[in-house]
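Here are the chains, one letter per residue:
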Amino acid sequence: MSRADTVRFRYNQAILVAAIVAFIGALPLATARWWLLWVLLIPLALGAWAWRAGTDADARELRLRALVGQRRVPWTRVAELTADARGRAVARLDDGETLMLPAVRAADLPRLVSATGQELPESAG
C-alpha cells in the first residue's frame, strides 16, 4: 500500500505547540542548576508523543502508535468497530480483546472503515 492509501488519525497539534511552549518555559529552570536538566525531558516526551501517537489504517491493517512502539492488527482480526461512552473509537478483536484506537473519535469511524476499501451499509431510518 502506498502512503496515499493510508488514513492517519493524530491528536490535535495544539498539544505539540504546548509542548514547545513548555520546553521554552522550562529552559530558565533547567539551566539554573545542572541537576534540573531532567525537567526538559517532560516537554520533550510530550512533544514526541503528540507527534507520533495515533492510528494509521489501510486496506491490510490497523497500526496503533504510541510514544514508543506500535501494534499492528490485521483487519481479519477486527470483529467490531464501535464507540465507548466517552466517544472514543474502540476495536473489538475476534478473541474478545478490546483496543482503544488512539486519536480516533466516534465521528471518525466512517473514515476509518473507508480505509479498508469497504462501504458502510446505508441506515434504514
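Residues numbered from 1 in each chain as written. Predicted model: local features only at pLDDT ≥ 70, side-chain atom pairs only at ≥ 80, totals over all residues. Heavy atoms only, no water.

**A few points about the overall build of the protein chain**
Next up, step 1: Along the backbone of the protein chain there are 3 helices and 7 strands.
Next up, step 2: Its helices and strands taken in sequence order, the protein chain reads β-α-α-β-β-β-β-β-β-α from the N to the C terminus.
Next up, step 3: Relative to the globule expectation of 14 Å for 125 residues, the C-alpha radius of gyration of the protein chain, 18 Å, shows a markedly less compact shape.
Next up, step 4: Along the first, second and third principal axes, the C-alpha atoms of the protein chain reach 65 × 30 × 30 Å.
Next up, step 5: Put simply, the protein chain has 125 residues, and 34% of those count as buried.
Next up, step 6: Long-range contacts, defined as pairs at least 24 residues apart, comprise 43% of the intrachain contacts of the protein chain with a sequence gap of at least 6.
Next up, step 7: Taken as a whole, the protein chain presents about 8000 Å² of accessible surface, with 61% of it coming from carbon and sulfur. (Helix = DSSP H or I, 4+ residues; strand = E, 2+ residues; numbered from the N terminus. Rg over C-alpha atoms; globule rule 2.2 N^0.38 Å. Buried < 20%, exposed > 50% of the residue type's maximum accessible area, 1.4 Å probe, protein only. Contact = heavy atoms within 4.5 Å. Areas by Shrake-Rupley, 256 points an atom, 1.4 Å probe, with all protein chains shown as cover.)

**Some details on the sheet that holds strand β7 (residues 98-105)**
Next up, step 1: In space, the 3 strands of this open sheet follow the order β5-β6-β7, with antiparallel pairing throughout. Of all strands in the sheet, those bounded by a partner on one side alone are β5 (78-83) and β7. Averaged over all adjacent pairs, the angle separating strand axes in this sheet is 25°, with direction ignored.
Next up, step 2: Across 5 bridges, the pairing between β5 and strand β6 (residues 88-93) is antiparallel. Following the sheet pairing, Thr82 is matched in β6 by Val90. (Pairing = 2+ DSSP bridges. Axes fitted to C-alpha atoms, helices over the stretch in contact; angles between N-to-C directions.)

**Details of the pairing of strand β4 (residues 70-74)**
Next up, step 1: Note that strand β3 (residues 61-65) and β4 share 5 bridges and pair antiparallel. Residue pairing for β4: Leu62 is matched across the bridge by Val73.

**A short note on the nonpolar core**
Next up, step 1: In this structure, Leu62, Val78, Leu101 and Leu112 are the most contacted members of the largest nonpolar core, which totals 18 residues.
Next up, step 2: Mapped by element, the contributors of at least two residues to this core are β1 (7-10), β3, β6, β7 and α3 (109-114).
Next up, step 3: It is β7 that provides the largest number of residues to this core, a total of 4 residues.
Next up, step 4: If we ignore the near neighbours within four places in the chain, the residues touching Val78 are Leu62, Val73, Ala91, Arg92 and Leu93. (Core = buried A, V, L, I, M, F, W, Y, C linked by side-chain atoms within 4.5 Å.)

**With respect to helix α2 (residues 41-52)**
Next up, step 1: In this model, α2 (12 residues) spans 16 Å end to end at C-alpha, consistent with the 16 Å of a helix rising 1.5 Å per residue.
Next up, step 2: Close packing links the buried residues of α2 with α1 (14-32).
Next up, step 3: Of the residues trailing α2, Gly54 is marked for its positive phi of about 155°. (Expected span 1.5 Å × (residues − 1).)

**Focus on the side chain of Glu61**
Next up, step 1: With respect to the element layout, Glu61 can be found in strand β3.
Next up, step 2: On the basis of relative accessible area, Glu61 is assigned to the buried category, the value being 12%.
Next up, step 3: A polar atom in the side chain of Glu61 sits 3.1 Å from the side chain of Arg63.
Next up, step 4: Apart from residues no more than four positions distant in its own chain, Glu61 is found in contact with Asp56, Arg72, Val73, Pro74 and Trp75. (Polar contact = N/O pair within 3.5 Å; in protein donor to acceptor, adjacent residues only side chain to side chain.)

**What to know about the side chain of Asp56**
Next up, step 1: You can see Asp56 is positioned in strand β2 (residues 54-57).
Next up, step 2: Engagement of the side chain of Asp56 in a polar contact is seen with the side chain of Arg10, the distance being 2.8 Å.
Next up, step 3: Excluding residues that lie within four positions of it along the chain, Asp56 makes contacts with Thr6, Val7, Arg8, Phe9, Arg10, Glu61, Leu62, Arg63 and Arg65.

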